[in-house]
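Report on the structure
Single-letter residue listing:
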Amino acid sequence: MQINNEQTENQIIQKRSLNEVNRWMLDLNEISQECNDLERNSLDGDLLNKEVSTIIESNKRIYRTLLQYKNDLDNPTECIDLACDLFFYKEHKKNRNLFIEHLNDYKNLKKEYDLI
C-alpha cells in the first residue's frame, strides 16, 4: 500500500480498510472454489452436503455484503466529525466479524469432516 504525504489520516484508514476487504473477498472466492470441488466430488452423507450448501449460501451472502461495503469504500468520504469516523469504524468492525465468523464456521466444518 502506497501512502503519500498529501493523504489525510482518514484517507489512509479507508485505503487500509479497502485492502483488507479485498483480501476477505479473495478468501471468500477460495472458500467458494473449495466448496464447489467438495460438491463435485460426490460427498458422502446428506448432512455434509447440506452443511456445504449452507456454507456456499452464506459465502454468497457475505460476498455481496462485502462488495457493497467495498463500493462504499471506493467512494472516499472525508469525515468532518467523530460520529462519521465512528460509523465507518463500526461498519468495518461489523464486516470483519461477519467474515471471521464465516471463516471459522468453514474451518470447523472441514475439521469436523476431516477435510483438512
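Criteria and cut-off values
Residues numbered from 1 in each chain as written. Predicted model: local features only at pLDDT ≥ 70, side-chain atom pairs only at ≥ 80, totals over all residues. Heavy atoms only, no water. Axes fitted to C-alpha atoms, helices over the stretch in contact; angles between N-to-C directions. Helix = DSSP H or I, 4+ residues; strand = E, 2+ residues; numbered from the N terminus. Parallel < 35°, antiparallel > 145°, perpendicular 65-115°, else oblique. Left-handed = near helix turned anticlockwise from the far one by under 90°. Contact = heavy atoms within 4.5 Å. Nonpolar A, V, L, I, M, F, W, Y, C, P; charged D, E, K, R; others polar. Core = buried A, V, L, I, M, F, W, Y, C linked by side-chain atoms within 4.5 Å. Buried < 20%, exposed > 50% of the residue type's maximum accessible area, 1.4 Å probe, protein only. Salt bridge = Lys/Arg side-chain N within 4 Å of Asp/Glu carboxyl O. Patch = residues over 30% accessible without salt bridge, like charges linked within 9 Å, V, L, I, M, F, W, Y side chains within 5 Å. Areas by Shrake-Rupley, 256 points an atom, 1.4 Å probe, with all protein chains shown as cover. Expected span 1.5 Å × (residues − 1). Phe/Tyr/Trp six-rings, centres within 6.5 Å; stacked < 30°, edge-to-face > 60°.

Another aspect to go through is the packing of helix α1 (residues 9-40) against helix α3 (residues 82-112). Contact geometry for α1 and α3: axes closest at 11 Å, N-to-C directions at 20°. Between α1 and α3, the angle is such that the two are roughly parallel. Note on packing geometry: the crossing formed by α1 with α3 is left-handed. Two secondary-structure elements touch here, α1 through N10, Q14, S17, E20, V21, W24, D27, L28, I31, E34 and C35 and α3 through D85, F88, H92, N95, R96, F99, H102, L103, Y106 and K110. For the contact of α1 with α3, the residue count by class is nine nonpolar, six polar and six charged.

Time to look at the nonpolar core. In this structure, V21, L28, I31, C35, V52, I55 and L66 are the most contacted members of the largest nonpolar core, which totals 19 residues. Ignoring anything within four residues of it in the chain, the contact list for I31 reads I55, N59, H102, L103 and Y106.

This model, assessed by the stated rule, comprises six salt bridges. One salt bridge in this structure joins E34 and K110, with 3.2 Å as the shortest N-O distance. Taken as a pair, E34 in helix α1 and K110 in helix α3 lie far apart in primary sequence, 76 residues in all. Here E34 falls in the partly exposed class, since its relative accessible area comes to 24%. A salt bridge links K94 to E91, with the shortest nitrogen-to-oxygen separation between them at 3.2 Å. Linking K94 with E91, this pair stays in helix α3, spanning three residues, or about one helical turn.

Together, L82, L86 and Y89 give the surface a local cluster of nonpolar side chains, amounting to about 330 Å² of exposed area. Looking at the secondary structure, you find L86 in helix α3.

Between the first and last C-alpha of helix α2 (residues 46-74) there are 41 Å, a value that for 29 residues agrees with the 42 Å anticipated at 1.5 Å per step. For α2, the full list of buried residues reads L48, V52, I55, I56, S58, N59, I62, L66, Y69 and L73. At its buried positions, α2 is contacted by α1 and α3.

Let's shift gears to the packing of aromatic side chains. Here the structure, examined in full by the defined rule, presents two aromatic pairs. Ring centres of W24 and F99 lie 5.7 Å apart, and the angle between their planes is 20°; this geometry places the pair in the stacked category. Of the two residues, W24 sits in helix α1 while F99 sits in helix α3, which places them 75 residues apart along the sequence. The exposure class assigned to W24 is buried, which follows from its relative accessible area of 5%. Seen from their ring centres, F87 and F88 are 5.4 Å apart, and the 80° between their planes marks the pair as edge-to-face. You can call F87 partly exposed: its relative accessible area is 47%.

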